[in-house]
Structure formats: structure tokens, C-alpha cells
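A look at the structure
One letter stands for each residue in the lines below.
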Amino acid sequence: MTRPRPTLTHVNDRSSVVDLATTDSCALPVVDAHRVETVRGSMPSQQTVEDLAQVFGLLADPGRLRLIAALLEGGEMCVCDLAAATGHSMSAASHALRLLRFHNVVKVRRAGRMAYYRLADSHVRLLFDLAITHIGHEEKDRSDG
């Protein structure tokens, strides 16, 4: 069975409108060349995208998010207190904190045999707060629908 050809309507010198109901791919390789070049020029580097994916991957784990939430609420805390506050074992808390420290999400201060963790900077709070705000919008949209 052959698919019907998409309808192309000339809008201006730079763009075309494609009827997406008749196709699941673009009829032209580049619809708005100027816009594509502008976006490409402002895209972050490949290394930045990979680093960003690692940070979001770290934040995708519920256990690590509980540790971050505890640090947001309690400030600097020792591993024992973090494990108790989040319901983690000491081993699980230490492992998660080691990952977060390696990726500069948390910092550690040692006092004798004790290790105290804190958030690396205020950007972590901003990410956390923005994500919670975003989830609130999604929940409101679901309840309105």
C-alpha cells in the first residue's frame, strides 16, 4: 500500500507546512534552514550534554534523591544521620554519597573518623525545587483533565 504524499503549502521564503496526518516523517530534510542553523549554533557541546545526562542520571535514583532532600532540609549531616533519616543502610548511604561526591553534587568534610556531607552548591537546590514545581504543574494538569 502506498502512502499519500504529504500536502506542502508555501508559507514564506524559509518554511513549509507539512500535513503530519498523512506522514510520519518530514517531506523535506530541512523545513526552516535558518532556524535549524540558529538552533545548532546555540546547542551545548557534546561533552556538556554527556555531563548533563550523568547529572540527571544521578538524580534519577529515588534513594539518592532522598539523601539530597535530607541534606536540603538538614544541612550538613554525618553518614549515620543521613542513613537514619532516609531509611538507608549505612553501606547504601555511603555508596550513594560516594557517587554524588564523585559528580560534585555533594561535598564532604572530615572530622576525625566522621564524615559530614553537604550539598556542593545552591544549584542543586534550584534543580530540586524546579523539579518539584514542575511535578506540581503536572499533577494539577492531570486533575484538571
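Check the entry above for the structure.
Residues numbered from 1 in each chain as written. Predicted model: local features only at pLDDT ≥ 70, side-chain atom pairs only at ≥ 80, totals over all residues. Heavy atoms only, no water.

**Describing the overall build of the protein chain**
Going by this rule: Runs of H or I in DSSP of at least four residues are treated as helices and runs of E of at least two as strands, each being numbered from the N terminus. When accessible area is computed with a 1.4 Å probe and restricted to protein chains, residues below 20% of their type maximum are described as buried, those above 50% as exposed, and intermediate ones as partly exposed. Should any heavy atoms of two residues lie within 4.5 Å, those residues are counted as being in contact. Per-residue accessibility takes into account occlusion by the displayed protein chains alone, with areas from the Shrake-Rupley method and a 1.4 Å probe.
When helices and strands are counted, the protein chain shows six helices and five strands. What you see in the protein chain, going N to C, is helices and strands ordered as β-β-α-α-α-β-α-α-β-β-α. Buried residues in the protein chain amount to 22% of all 145 residues. Restricting to contacts in the protein chain with at least 6 residues of sequence separation, those with at least 24 account for 34%. If you sum the accessible surface of the protein chain, you get close to 10600 Å²; carbon and sulfur atoms cover 57% of it.

**Considerations on the nonpolar core**
Which entries qualify depends on this criterion: Put simply, buried Ala, Val, Leu, Ile, Met, Phe, Trp, Tyr and Cys residues joined by side-chain atoms within 4.5 Å make one nonpolar core.
Core analysis: the biggest nonpolar cluster contains 22 residues, and Ile68, Leu71, Leu82, Val105, Val106, Tyr117 and Leu119 have the highest contact counts within it. At the level of secondary structure, the elements contributing two or more residues to this core comprise helix 2 (46-59), helix 3 (62-74), helix 4 (79-86), helix 5 (90-102), strand 5 (114-119) and helix 6 (122-144). Element by element, the count of residues in this core is highest for helix 3, at five residues. Ignoring any residue separated from it by four or fewer positions in sequence, one finds Leu119 in contact with Ile68, Leu71, Leu72, Val105, Val106, Lys107 and Val124.

**Some details on the pattern of salt bridges**
What counts is decided by this rule: Just to be clear on terms, a salt bridge is a Lys or Arg side-chain nitrogen sitting within 4 Å of an Asp or Glu carboxyl oxygen.
Evaluated as defined, the whole model comprises four salt bridges. For the salt bridge of Glu37 with Arg40, the shortest nitrogen-to-oxygen distance reads 3.9 Å. Of the two residues, Glu37 and Arg40 are both situated in helix 1 (residues 33-42); the distance of three residues between them amounts to about one turn of the helix. Take Glu37: its relative accessible area is 48%, and that puts it in the partly exposed class. Among the ionic pairs, Arg109 bridges to Glu76, the shortest N-O distance being 2.7 Å. With Arg109 in strand 4 (residues 106-111) and Glu76 in the loop between helix 3 and strand 3 (77-78), this pair connects stretches of sequence that are 33 residues apart. Residue classification places Arg109 among the partly exposed positions, given a relative accessible area of 36%.

**Quick look at unusual backbone geometry**
You will see that Asn104, though not glycine, has its phi angle at about 60°, which is positive. With respect to the helices, strands and loops of the structure, Asn104 is situated in the loop between helix 5 and strand 4. Using a relative accessible area of 59% as the deciding quantity, one classes Asn104 as exposed.

**Re the environment of Ala85**
Residue position: Ala85 is located in helix 4. On the basis of relative accessibility, which here comes to 53%, the residue Ala85 falls in the exposed class. Linking Ala85 and Ala70, residues 15 residues apart in sequence, is a C-alpha distance of 6.9 Å.

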